[in-house]
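This is what each chain is made of:
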Amino acid sequence: MTKEEIENLTKYLRAKFANPAFEVRVRPKKTDSAEVYLGEEFIGVMYLDEDEGERSFNFQMAILDIDLEEYA
C-alpha cells in the first residue's frame, strides 16, 4: 500500500464511522496490508486486493467471545 492510500483509508474510516480516533498504520515488512487502530487499540488488518488492475481494500477484525461478555 502506498502512503497516500494509507492516509486516504484513515480519512475514510474516520468519516464513515464519525470517529477521529481511527488510524491506519504501516505494517513492518509488509506491503500488501496495514494495521487499523482505534486510538491506541489494535482492532484489525486492512488488506490490499489487486485483481485485473483494480485495487480494493478488505478490513478484517476479530471479535473474541470474551470481549462480548460485558454486552450480554
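Overview of the structure. By convention here, each chain's residues receive numbers from 1 onward along its written sequence. Restriction of local features to residues with pLDDT of at least 70 applies here, the model being predicted, together with a cutoff of 80 or more for giving and counting side-chain atom pairs; totals for whole chains, interfaces and linings are based on all residues. Think of the side-chain values as coming from all heavy atoms in the structure, minus any hydrogens and water.

## Quick look at helix α1 (residues 3-16)
Numbering of helices and strands runs from the N terminus; a helix is a DSSP stretch of H or I covering at least four residues, while a strand is a stretch of E covering at least two. Take the residue count of a helix, subtract one, and multiply by 1.5 Å to get its expected span. Its 14 residues give α1 an end-to-end C-alpha distance of 20 Å, which sits within 8% of 20 Å, the value for a rise of 1.5 Å per residue. Type-normalised accessible area, obtained with a 1.4 Å probe on protein chains alone, sets the label of each residue: buried when under 20%, exposed when over 50%, and partly exposed for intermediate values. Turning to α1, its buried residues number three or more, namely E5, I6, L9, T10 and L13. All buried residues of α1 lie within an arc of 140° about the axis, which places them on one face of the element. Turned more than 90 degrees away from the buried face of α1, the exposed residues are K3, E4, K11 and A15. Contacts were defined at the residue level, with two residues in contact if any of their heavy atoms lie within 4.5 Å. Here the buried face of α1 lies against β1 (22-26), β2 (33-38), β3 (41-51) and β4 (54-60). Directly after α1, the chain includes A18, whose backbone phi takes a positive value near 50°. It is the directions from the helix axis to the C-beta atoms that the arc portrays.

## Quick word on the pairing of β3
The pairing criterion for strands is at least two bridges between them, as found by DSSP. Here β2 pairs with β3 via 6 bridges, running antiparallel. Paired with E35 across the two strands is V45, which belongs to β3. In textbook terms, the turn of a hairpin is the stretch between consecutive antiparallel strands, and for β2 and β3 this stretch comprises 2 residues, one of which, G39, has a positive phi near 70°. The hairpin turn running from β3 into β4, its antiparallel successor, is 2 residues long, and E52 in that turn takes a positive phi close to 50°.

## Thoughts on the environment of E4
The residue E4 is located in helix α1 in this model. By relative accessible area, E4 is classed as exposed at 54%. Along the chain, E4 and E52 lie 48 residues apart, while their C-alpha atoms are 21 Å from each other.

## Section: unusual backbone geometry
Residues other than glycine seldom take positive phi values, yet K29 does so here, at roughly 65°. Positionally, K29 belongs in the loop between β1 and β2. Classification of K29 as exposed rests on a relative accessible area of 89%. With a phi angle near 50°, E52 is a residue other than glycine that sits in the positive phi range.

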